[in-house]
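If you want the building blocks of each chain, they are given just below.
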Amino acid sequence: MTAKKKPKVYITRKLPDVVETRMRELFDAELNIDDTPRTQPELVAAVKRADVLVPTLTDRIDAALIEQAGPQLKLIASFSNGIDHIDIDAAARHGITVTNTPNVLTEDTADMTMALILAVPRRLIEGANILTDRRGEWAGWSPTWMLGRRISGKRIGIVGMGRIGTAVARRAKAFGLSIHYHNRKRVSTETEETLEATYWDSLDQMLARVDIVSVNCPSTPATFHLLSARRLALMQPTSYIVNTARGSIVDETALIKCLREDKIAGAGLDVFENEPAVNPKLVKLASEGKVVLLPHMGSATLEGRIDMGDKVVINIRTFFDGHRPPDRVLPGRT
């Protein structure tokens, strides 16, 4: 009896060692040891020869790339929760199944969202920088120095009450925040009652009435600049916005203008419109204490990355065992 041929798996970025080891054990896996982002020509060459492509959210898997795939490419097993970097419909037209890694980053991302919700009003980064970058400025405790804003008793408006939005709500409630949310559809009555959450079918009306806005919806054509200049203008001048979802959901230029003109009190951003580039105007606002900027690290825990890798492995094995992978993304989802 001959051994079953291992599928050729092309992995675009460096993954945790334990994940890569498992990949090599199970598949004919081509790794990216030095983590250099793959160029489009390299991706084209990969889809011409691989049975499985394992991209990440930084890889652009568009229709033009999929058109050049060889007939052997049957699975795109993305190492990501979001799938906005893949043309799902184009893949379906070519008979290519797409999978992602949902449900393993919820708690990590919600933790980071809550960290930003605390960091911006309480001026945590400003305070830390005084002790490291501006040593000598601190003369000791003072009743009126470095005053921030209290969290407890404020209203948070969650834009997108999916798994991550709900996890953020749980944390926010524990900190004494009143939960408000806008979603395509209402969550269950049980969830609303547990969180004591108020549903707003009008995003505009919610934005005008809350103290903190947390962006937790997916990136789709429908959510591009969902927080537009017009909607940002509805927010109170004492309010804050936190975005750990995708940069494209917020009109970054309009946000910068609102912050510069004190129409919004501050922002915490883990994502940006033109990643990895960060608008220099945002960097300047950060130096002035108006915003807290993080380099897209909301889901960056070792445990989370290993869990993602496990899902990729399961999706590949299930597919090549002749079954429907558990995390298949259906066309037309976005």
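Right above here is the structure, for reference.
Keep in mind it's a predicted model, so treat the numbers as computed, not measured. (Residues numbered from 1 in each chain as written. Predicted model: local features only at pLDDT ≥ 70, side-chain atom pairs only at ≥ 80, totals over all residues. Heavy atoms only, no water.)

Novice: Help me get a handle on the pairing of strand β9 (residues 212–215), residues and values and all.
Specialist: Burial along β9 is two-sided: the face carrying I212 and S214 and the face carrying V213 and V215 are both buried. Examined bridge by bridge, strand β6 (residues 155–159) and β9 share four bridges and lie parallel to one another. By the bridge assignment for β9, V159 is matched with V215. With four bridges joining them, β9 and strand β10 (residues 240–243) adopt parallel strand pairing. Within the sheet, the bridge partner assigned to V215 lies in β10 and is N243. (Buried < 20%, exposed > 50% of the residue type's maximum accessible area, 1.4 Å probe, protein only. Helix = DSSP H or I, 4+ residues; strand = E, 2+ residues; numbered from the N terminus. Pairing = 2+ DSSP bridges.)

Novice: I'd like a rundown of empty space enclosed by the protein, residues and numbers included.
Specialist: To find leftover empty space, one rolls a probe the size of a water molecule over the atoms. All chains considered together, the criterion is met by one cavity of 30 Å³ or more. Computed from the structure, the largest cavity encloses a volume of approximately 40 Å³. N243, G247, V250, E252, L255, L269 and V271 are the residues that line the largest cavity. Each residue belonging to the lining of the largest cavity can be placed in one class, and the counts come to four nonpolar, two polar and one charged. (1 Å grid on protein atoms, 1.4 Å probe; cavity = no way out; pocket = protein on both sides within 12 Å on 5 of 7 lines; lining within 4 Å. Points joined across faces, edges and corners; volume = space filled by probe spheres on them. Nonpolar A, V, L, I, M, F, W, Y, C, P; charged D, E, K, R; others polar.)

Novice: Talk me through the packing of aromatic side chains; I want residue IDs and the actual numbers.
Specialist: All told, the structure shown has two aromatic pairs when counted by the stated rule. Each ring, one from Y181 and one from Y199, has its centre 5.1 Å from the other, and the planes form 45 degrees; the classification is tilted. With Y181 in strand β7 (residues 178–182) and Y199 in strand β8 (residues 198–199), the pair connects residues that are 18 residues apart, well separated along the chain. Residue class for Y181 comes out buried when judged on its relative accessible area of 0%. With 5.1 Å between their ring centres and 75 degrees between their planes, F319 and F320 make a pair best called edge-to-face. When its relative accessible area of 21% is taken as the criterion, F319 is described as partly exposed. (Phe/Tyr/Trp six-rings, centres within 6.5 Å; stacked < 30°, edge-to-face > 60°.)

Novice: With reference to specific residues and values, describe the nonpolar core.
Specialist: Core analysis: the largest hydrophobic core is formed by 29 residues, its most contacted members being V159, V213, V215, L227, L232, I241 and L255. Put simply, the parts of the chain that give this core at least two residues each are α9 (203–207), β9, α11 (252–260), β11 (266–269) and α12 (280–287). Apart from residues no more than four positions distant in its own chain, L232 is found in contact with L227, I241, V250, D251, A254, L255, C258 and I264. (Core = buried A, V, L, I, M, F, W, Y, C linked by side-chain atoms within 4.5 Å. Contact = heavy atoms within 4.5 Å.)

Novice: Give me the lowdown on the side chain of H182, citing residues and values where you can.
Specialist: As for its placement among the helices and strands, H182 is situated in strand β7. For H182, a relative accessible area of 16% corresponds to the buried category. Reaching out from H182, the side chain makes a polar contact with the backbone oxygen of W200 at a distance of 3.0 Å. Other than its neighbours up to four places away in sequence, H182 contacts I158, V159, G160, M161, W200, D201, S202, L203 and M206. (Polar contact = N/O pair within 3.5 Å; in protein donor to acceptor, adjacent residues only side chain to side chain.)

Novice: An account of the packing of α11 against α12 is requested, with residue identities and associated values reported.
Specialist: Where α11 meets α12, the closest approach of the two axes is 10 Å, and the angle between their N-to-C directions is 30 degrees. Compared by their axis directions, α11 and α12 come out roughly parallel. The handedness of the crossing between α11 and α12 is left-handed. In contact with E252, I256, L259 and R260 of α11, α12 contributes K281, L282, K284 and L285. Taken together, the residues that form the contact of α11 with α12 break down as four nonpolar, no polar and four charged. (Axes fitted to C-alpha atoms, helices over the stretch in contact; angles between N-to-C directions. Parallel < 35°, antiparallel > 145°, perpendicular 65-115°, else oblique. Left-handed = near helix turned anticlockwise from the far one by under 90°.)

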